[in-house]
Structures are given as structure tokens and as C-alpha cells.
Amino acid sequence: MTKEQAGKRIKELSHELDEHNYKYYVQSNPTISDYEFDKLLEELISLEKQFPEFLSPHSPSQRVGGAITKDFATVVHKYPMMSLGNTYSEEELRDFDQRVRKILSDEKIEYVCELKFDGVAIGLTYKDGELVRAVTRGDGVQGDDVTANVKTIRSIPLKLKKGDFPAEFVIRGEIILPRKEFDRMNAELAAQLTEDGFSDDEINERLYRNPRNTASGTLKQQDSAIVATRNLDCFLYALYGDNFSFKTHFESLDKAREWGFKVSDKVCLCSNLKVVMQYINEWEHKREKLGFEIDGVVIKVNNYRQQQELGFTSKVPRWAIAYKYKAEAAATVLNDIGYQIGRTGAITPVA
Ligand code: IVH
């Protein structure tokens, strides 16, 4: 193969793999088998090894990791990553709505309701449609540069689809560890510890506590190849930049979807507080059925001009608030105890 042919094939393969990544991880609608995908990826990796001059930092081959970060560099956020005020009752939410209405002197207001993902906040910077930096929230003013690790998250585009995005912008979201992955990691860890001769109590002490802390720990791994095996996922929910073409938050989410980002489809444009409360109650009941954990709902004023008018207190925006659910722990009846026999013969009781 000539150099020219290799360059052309690498481009083709990259494009095809990006597209399949998108279909599989963003749309959950794959059109080829894992085997076919792996074959294409193998071909790409092998060509990039033979012709390293064509290896791009945004190639789909970067998803498998390998880069080691010894110390995560501290980066100051261009747009401070503020947190949100909390509410725990309908009454507190009414107070929030009253404060908003007072400042906007009874203009028409729409709210956007979103799930409040229980994960790790991340700010992604894109330049000319390419992911250049991923920074954790840290203290809100500055965070850790975890770009190498974030590149292994397959639902995060390394390159955007064509679109009317500005030359540079930041998109913010939440990195989560799906429940299924969390359970798989714990099962693997338990099997390993059993093999190493630990007692059940010792194993229990060493298991991963919850998906959020595990996601956070995973992001701080030095070896990105390990991160790549963890199947983290990421929902995006806020755009920051100049020269956007839209005027509302709801439209911004549509745009983000169009550009290739994974935006939750459980977003609701609500014309009043009654609809907001319905959304909150609906997801309090249905949250178990999601494949990941949420700890509440976020309510945001939809219109950007109104957001601007409302502004911020010293700590949080006046145009958005979180409604927090009570922690998911609950009392239950133990119906039966079964036993699981491990490879080494160790017996583990299962409730
Ligand atoms: S909006 C300025 N939307 O919750 C407000 N935050 O307790 C920007 N979070 O720090 C945040 N899901 O890490 C927003 N749909 C969502 C969210 C969300 C989870 C996190 C976020 C924030 C924290 C506030």
C-alpha cells in the first residue's frame, strides 16, 4: 500500500468508525456487529502503526486508551462551573418560582426539566469541532485536566458532525457509570478477591460503594487503558460560548444533539409549575427503571435573555434550581437466601 492509499484508507476507516460509535453509544442503535466493528478498528490501528504520520489525536483508535497521566494538570475554567441551589419540597419550589416571577415582573416563563444525573461534572472544550480538553469541576474555578481518560468514553464525540457550532465552545455534562457496569465491576472484583482467599466480610469492605464514587475514581486513574475498560457514559446538558444561533436552553439541547452529543431524551419543556411537579413525581417513581442513578431533577428557566436578567447570587444561578429526591435506600423484606458457589468452592449467600 502506498502512503497516499494508506492516508485515504485511514480517513475512510476513521469516518466509518466514528459513525458506528455514534450509532452504538449515542443512539443505542448499532448497525454492524461488534465483530465487524473490531475488524475495522484493527485495520485502522495497524495502518496507523505503519504510517504514524497519519495518526490524529482525534482518531477513533484513541478510544482504547494507553496514554498515562502522572499528574493531572490544573486548568482554570473559562466559564466557572457553578453548582445549584437545592429544594426538597413543592413549597420550596414555589418560593423559587415566586422569586423568578418577581424579578421578571410577570413575563411569561417556561421551565426546562431535566434529570439530575448522579455522576461527575465535566467541562468539554471543542475547537473547530474537535475535542481539545476535558476538565473536572474541581472547586468550580479550576479542575483537573482528564482529557486522555475522557477520550476513552465512546459516547463523547472526539470530532463533531458538520454543524453551525462556533469555532470554540464549552459543553458541560455529567460522566456516569451505568448500573450494569457498576454491578459487573463488583462481580469481577468479588470473584478476584474470593480467588485471593479473602473472607466474605473482607470482600464486602472492599467492594465499590456506589456508581458515582466509582466513576470519580475511574476518571482519576493514571492509565487511560484501564478507564477504557470501564464503559463510562456521559450526558451533556449545557452549552457555553459566544455566537450561538439559538435563544433558549431547550433549543441548545436540540443543537447539541444535532452536533453529535448524547443529550438525554427525558427533557421536558414545561409551561408552568404544575407540569414541573408532574415531571418530578413521574421520575421519582420511574428512576429505578433508568440504567443509571439520578438524585433529583434540575429546573431551568428556558429563555437565555431571562436567564441573563436573573443572573447569579454569589454561589448559584437564580435561573435554575435542583429538586433533590430522598436517598434511594429503603427498608425491604428479605424473602429468601440462596447460595452461590464460586470457582474456588467459596460459598456466598445471596439475598
Ligand atoms: S445544570 C449553572 N443540569 O448537579 C448550573 N446540572 O448540584 C449548571 N447535574 O454541579 C448545572 N445533572 O454537576 C445541570 N441536568 C443537569 C444536571 C446537573 C446533574 C449536577 C452538576 C451540578 C450539580 C449541582
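Residues numbered from 1 in each chain as written. Predicted model: local features only at pLDDT ≥ 70, side-chain atom pairs only at ≥ 80, totals over all residues. Heavy atoms only, no water.

Where do I start with the pairing of strand 3 (residues 111-117) in this structure?
Consecutive side chains of a regular strand alternate in pointing toward one face of the sheet and then the other. With 7 of 7 residues buried, strand 3 lies mostly within the body of the structure. Bridge count for strand 3 against strand 9 (residues 268-270) is 3 bridges, and the pairing is antiparallel. Directly across from Val 112, in strand 9, lies its bridge partner Leu 269. Two elements, strand 3 and strand 10 (residues 294-301), share 7 bridges in a ladder whose sense is antiparallel. (Buried < 20%, exposed > 50% of the residue type's maximum accessible area, 1.4 Å probe, protein only. Helix = DSSP H or I, 4+ residues; strand = E, 2+ residues; numbered from the N terminus. Pairing = 2+ DSSP bridges.)

Help me understand the packing of helix 3 (residues 90-103) against helix 10 (residues 273-286) in this model?
Each pair of packed helices can be summarised by the angle the axes make with each other and by the distance between the axes. Here helix 3 crosses helix 10 at 140°, and the two axes come no closer than 11 Å. As far as their axial angle goes, helix 10 and helix 3 are oblique. For helix 3 against helix 10, the interelement crossing comes out right-handed. Of the residues in helix 10, those in contact with Glu 90, Leu 93, Arg 94 and Asp 97 of helix 3 are Leu 273, Val 276, Met 277 and Ile 280. In terms of residue class, the contact of helix 3 with helix 10 is made up of 5 nonpolar, no polar and 3 charged. (Axes fitted to C-alpha atoms, helices over the stretch in contact; angles between N-to-C directions. Parallel < 35°, antiparallel > 145°, perpendicular 65-115°, else oblique. Left-handed = near helix turned anticlockwise from the far one by under 90°. Contact = heavy atoms within 4.5 Å. Nonpolar A, V, L, I, M, F, W, Y, C, P; charged D, E, K, R; others polar.)

Just to check I follow, could you spell out the environment of Lys 300 for this structure?
If you trace the backbone, Lys 300 turns up in strand 10. Distance from Lys 300 to Leu 269, taken between C-alpha atoms, is 9.6 Å for residues 31 residues apart in sequence. Only 3.4 Å separates the side chain of Lys 300 from the backbone oxygen of Tyr 237, close enough to count as a polar contact. (Polar contact = N/O pair within 3.5 Å; in protein donor to acceptor, adjacent residues only side chain to side chain.)

When you look at a nonpolar patch on the surface in this model, what are you seeing that I'm missing?
On the surface, a cluster of nonpolar side chains totalling about 470 Å² of accessible area is made up of Ile 337, Tyr 339, Ile 341 and Ile 347. Inspection of the secondary structure puts Ile 337 in the loop between strand 11 (320-324) and strand 12 (338-341). (Patch = residues over 30% accessible without salt bridge, like charges linked within 9 Å, V, L, I, M, F, W, Y side chains within 5 Å. Areas by Shrake-Rupley, 256 points an atom, 1.4 Å probe, with all protein chains shown as cover. Salt bridge = Lys/Arg side-chain N within 4 Å of Asp/Glu carboxyl O.)

Hey, could you run me through the packing of aromatic side chains in this one?
Centre distance and the angle of the planes are the two values used to describe a pair of aromatic rings. Taken as a whole, this structure holds 19 aromatic pairs when the rule is applied. On the numbers, 4.7 Å between centres and 10° between planes, the contact of Phe 117 with Phe 235 is stacked. Here the residue Phe 117 occupies a position in strand 3, and Phe 235 occupies one in strand 8 (residues 233-240), the gap between them amounting to 118 residues. Comparing Phe 117 with Phe 235 shows no difference in burial state: the two are buried. Put simply, the rings of Tyr 126, Phe 165, Phe 169, Phe 244, Phe 246, Trp 259, Phe 261 and Tyr 304 pair up and form one aromatic cluster. Stacked on the ring of Tyr 22, the Lys or Arg Lys 161 has its end atom at 3.9 Å from the ring centre. (Phe/Tyr/Trp six-rings, centres within 6.5 Å; stacked < 30°, edge-to-face > 60°. Lys NZ or Arg CZ within 6 Å of the ring centre and 35° of its normal.)

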